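Spelled out, the chains give:
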Amino acid sequence: MAALTITAARAEVLRAAANEQLHSQRQFSNKRSNEKTTHRIGGPSGRNVTRISNDLYNAHLIRPGRKLGPSIYSPQVWELTDAGRQALADHDATERS
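Parameters at a glance
Residues numbered from 1 in each chain as written. Predicted model: local features only at pLDDT ≥ 70, side-chain atom pairs only at ≥ 80, totals over all residues. Heavy atoms only, no water. Core = buried A, V, L, I, M, F, W, Y, C linked by side-chain atoms within 4.5 Å. Buried < 20%, exposed > 50% of the residue type's maximum accessible area, 1.4 Å probe, protein only. Helix = DSSP H or I, 4+ residues; strand = E, 2+ residues; numbered from the N terminus. Contact = heavy atoms within 4.5 Å. Arc of directions from axis to C-beta. Pairing = 2+ DSSP bridges. Axes fitted to C-alpha atoms, helices over the stretch in contact; angles between N-to-C directions. Parallel < 35°, antiparallel > 145°, perpendicular 65-115°, else oblique. Nonpolar A, V, L, I, M, F, W, Y, C, P; charged D, E, K, R; others polar. Salt bridge = Lys/Arg side-chain N within 4 Å of Asp/Glu carboxyl O.

Attention now goes to the nonpolar core. Note that soluble globular proteins tend to have their nonpolar side chains buried in a common cluster. Ranked by size, the top nonpolar core spans 18 residues in total, and within it Val13, Leu14, Leu22, Leu56, Leu61 and Ile62 carry the most contacts. Secondary structure elements with two or more residues in this core: helix 1 (8-18), helix 2 (50-58), strand 5 (76-80) and helix 3 (82-96). Top contributing element to this core by residue count: helix 1, with five residues.

Structure follows, in structure tokens:
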């Protein structure tokens, strides 16, 4: 696992993943056939946390979960890995003390 400091913003995204509130959605643009994926807390109109989610994914703290529909453009829920659960628990324990 890559070393990653769990900040308040990263902990918020980890909590969202734990509560099935972190969604990613693939988007298609007709301009130059560009596709991109965004990560949001709370659905399509929620807060954009793509950069934080990418950091957490690269550190193996979150992973893609189930799709919410049959299309490749359907939103997807992200979930915590075992390492992500441990990192969130450690962060919460540090915050309480």
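The next thing to look at is helix 1. Along an α-helix, residues three or four apart share an orientation, since each turn contains 3.6 residues. Looking only at helix 1, the buried set comprises Arg10, Ala11, Val13, Leu14, Ala16 and Ala17. Here the buried face of helix 1 lies against strand 1 (22-29), strand 2 (34-41), helix 2, strand 4 (62-67), strand 5 and helix 3. Once helix 1 ends, the next one or two residues include Glu20, with phi positive near 60°.

Another aspect to go through is helix 2. Three or more residues of helix 2 are buried, namely Thr50, Ile52, Ser53 and Leu56. Around the axis of helix 2, the buried residues are gathered within 160° of arc, so they sit on the same side. Exposed side chains of helix 2 directed beyond 90 degrees from the buried face belong to Arg51 and Asn58. Lining the buried residues of helix 2 we find helix 1, strand 1, strand 2, strand 3 (47-48) and strand 4.

On the basis of which strands lie adjacent, the open sheet formed by five strands has the order 3-2-1-5-4 and antiparallel pairing. One side of each edge strand has no neighbouring strand; the edge strands of this open sheet are strand 3 and strand 4. Both strand 1 and strand 5 contribute to a ladder of two bridges, which runs antiparallel. Each residue of the ladder has a partner; that of His23, found in strand 5, is Val77.

As a packed pair, helix 1 and helix 2 sit with axes 10 Å apart at the nearest point and diverge in direction by 80°. Here helix 1 is positioned roughly perpendicular relative to helix 2, judged by the angle of their axes. Contacts between helix 1 and helix 2 pair Ala9, Arg10, Val13 and Leu14 from the former with Ile52, Ser53, Asp55 and Leu56 from the latter. Partitioning the contact of helix 1 with helix 2 into residue classes produces five nonpolar, one polar and two charged.

Moving on, we get to the pattern of salt bridges. In the structure shown here, the tally under the stated rule is six salt bridges. Arg47 is the partner of Glu12 in a salt bridge, and the nearest nitrogen-oxygen pair spans 2.6 Å. Separated by 35 residues along the polypeptide, Glu12 in helix 1 and Arg47 in strand 3 bring together distant segments of the chain. Here Glu20 makes a salt bridge to Arg66, at a shortest N to O gap of 2.9 Å. Of this pair, Glu20 sits in the loop between helix 1 and strand 1 while Arg66 sits in strand 4, placing them 46 residues apart in sequence.

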